[in-house]
Amino acid sequence: MNDPVAAYFDKLSEIHSGQFGKSVSGASFYFRTRLKLTCELASTSTERLLDCSAGTGEITCALLKSGRFSHATIIDISSAMLQSAKELLISKINNTQLEFVQSDVFKFQPSESRFDLILCLGLIAHTGRLDILLPHLKSMLTPGGRIILQSTLLDHLGMRITRALTSRRELAQRGYRISWFSQRDIADACHNAGLQILEMRRHSLAIPFGDRLWPWANFQVERRLQNWASRHGADAIYLLGAG
């Protein structure tokens, strides 16, 4: 698949799963917090799950270990990421029917029933087109189904600094531009798609270049100020339902 997003994440697959382990850095705190909050927001969902950017599968695995889901469709545009997720889930999950699909989520259409929960984590920064994505995801929901959507927020000062200092280099490294969204952008896109924001969780201070300067100290600051970050953090995870 000749896609710059797929190519970029193929290169990251070997190190991505390590972010969910016991390493001590701001990035590891960020990914483990994303997993925790996603599990909280998904706690009432059951039956059919779609993860439309599964990465190496750690969050999908945590949800499926609950035993609440009978079927899970796992998508990623990166073949290397999808293979890592497949190896993890097949080794850990034995009470859920698993389907693995390498696909651009914009082109994906379910072969059978709709989904009770759709995960959209770590995706929209790399794809943009939120005005197209949300109606597409909504069309795959069961009545009463939910979407969990994650985005870093451009409202956050640290994110504005990061964008200003890295946008040119990021384009050269990745071959595509990162998309940035504010809280208003997310709210407007949800409204236009006929989706309601039912809950939101914020987290992570996202100190610019904190891990480059001192990963251990960055981790400690994130850990100690997580209550503040729950109100003002750089990252938001939304629980969405049809309006």
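As a reminder, the structure under discussion sits directly above these lines.
I will try to describe carefully the structure that is included in this document. (Residues numbered from 1 in each chain as written. Predicted model: local features only at pLDDT ≥ 70, side-chain atom pairs only at ≥ 80, totals over all residues. Heavy atoms only, no water.)

## A look at the sheet that holds strand β7 (residues 235-242)
- Pairing within the open sheet is mixed, and its seven strands lie in the order β3-β2-β1-β4-β5-β7-β6. Of all the strands in the sheet, the pair left with one neighbour each is β3 (97-102) and β6 (195-203). Here the average twist between neighbouring strands, direction ignored, is 15°.
- Sitting on the sheet, helix α8 (residues 183-192) touches β5 (141-152), β6 and β7, and the angle it makes with β6 is about 155°. (Pairing = 2+ DSSP bridges. Helix = DSSP H or I, 4+ residues; strand = E, 2+ residues; numbered from the N terminus. Axes fitted to C-alpha atoms, helices over the stretch in contact; angles between N-to-C directions. Contact = heavy atoms within 4.5 Å.)

## Describing the packing of aromatic side chains
- According to the stated counting rule, one finds six aromatic pairs in the structure shown.
- An angle of 85° between the planes, with centres 5.2 Å apart, marks the rings of Y8 and F9 as edge-to-face.
- Ring plane angle 35° and centroid distance 5.9 Å describe the contact between W214 and W216, whose orientation is recorded as tilted.
- Here W214 falls in the exposed class, since its relative accessible area comes to 54%.
- Among the aromatic residues, those joined into a cluster by ring pairs are Y8, F9 and Y176.
- Over the aromatic face of F106 sits the side chain of R129, whose NZ or CZ is 3.8 Å from the ring centroid. (Phe/Tyr/Trp six-rings, centres within 6.5 Å; stacked < 30°, edge-to-face > 60°. Buried < 20%, exposed > 50% of the residue type's maximum accessible area, 1.4 Å probe, protein only. Lys NZ or Arg CZ within 6 Å of the ring centre and 35° of its normal.)

## Looking at the side chain of E222
- With respect to the element layout, E222 can be found in helix α10 (residues 215-224).
- Buried charged residue E222 carries no salt bridge. Nearest counter-charge: R223, at 10 Å.
- One polar contact links the side chain of E222 to the main-chain amide nitrogen of A206, over a distance of 3.0 Å.
- Sequence-distant contacts of E222, defined by excluding residues within four places in its chain, comprise G26, F29, S204, L205, A206 and I207. (Lys, Arg positive; Asp, Glu negative; His and termini not counted. Salt bridge = Lys/Arg side-chain N within 4 Å of Asp/Glu carboxyl O. Polar contact = N/O pair within 3.5 Å; in protein donor to acceptor, adjacent residues only side chain to side chain.)

## Things to note about the pairing of strand β4 (residues 115-120)
- By the criterion of burial, β4 is predominantly enclosed, with five of the six residues buried.
- Across three bridges, strand β1 (residues 47-51) lies against β4 in parallel orientation. Bridge pairing links D51 to L119 in β4.

## Observations concerning the environment of L149
- The topology assignment puts L149 in strand β5.
- Take L149: its relative accessible area is 0%, and that puts it in the buried class.
- With 25 residues separating them in the primary sequence, L149 and I124 have C-alpha atoms 8.7 Å apart.
- Residues in contact with L149, not counting those within four places in the same chain, are C120, I124, L130, L134, I186, A236, I237, Y238 and L240.

## Remarks on the environment of T127
- Looking at where T127 falls in the secondary structure, it is placed in helix α5 (residues 124-127).
- With 51 residues separating them in the primary sequence, T127 and I178 have C-alpha atoms 7.8 Å apart.
- Residues contacting T127, with those up to four places away along its chain left out, are F106 and S179.

## Overview of a nonpolar patch on the surface
- Nonpolar side chains collect at one region of the surface, where V24, L213, W214 and W216 lie side by side and expose about 500 Å² of accessible area between them.
- Within the secondary structure, W214 sits in the loop between α9 (210-213) and α10. (Patch = residues over 30% accessible without salt bridge, like charges linked within 9 Å, V, L, I, M, F, W, Y side chains within 5 Å. Areas by Shrake-Rupley, 256 points an atom, 1.4 Å probe, with all protein chains shown as cover.)

## Examining helix α1 (residues 4-16)
- Here α1 is 13 residues long and its end C-alpha atoms lie 17 Å apart, about the 18 Å a rise of 1.5 Å per residue gives.
- Among the residues of α1, those classed as buried are V5, A6, Y8, F9, S13 and H16.
- Tucked into the core, α1 has its buried residues touching α2 (26-41), α4 (79-92), α5 and α7 (157-174). (Expected span 1.5 Å × (residues − 1).)

## A short note on the pattern of salt bridges
- The full count for this structure, using the stated rule, is five salt bridges.
- Put simply, R201 and E199 hold a salt bridge, and the shortest N to O gap is 3.0 Å.
- Judged by relative accessible area, R201 falls into the partly exposed class, the value being 26%.
- Residue classification places E199 among the partly exposed positions, given a relative accessible area of 32%.
- Each of K36, E40, E199 and R201 takes part in a single network of salt bridges with overlapping partners.

As far as function goes, none of this settles anything; it's purely spatial.
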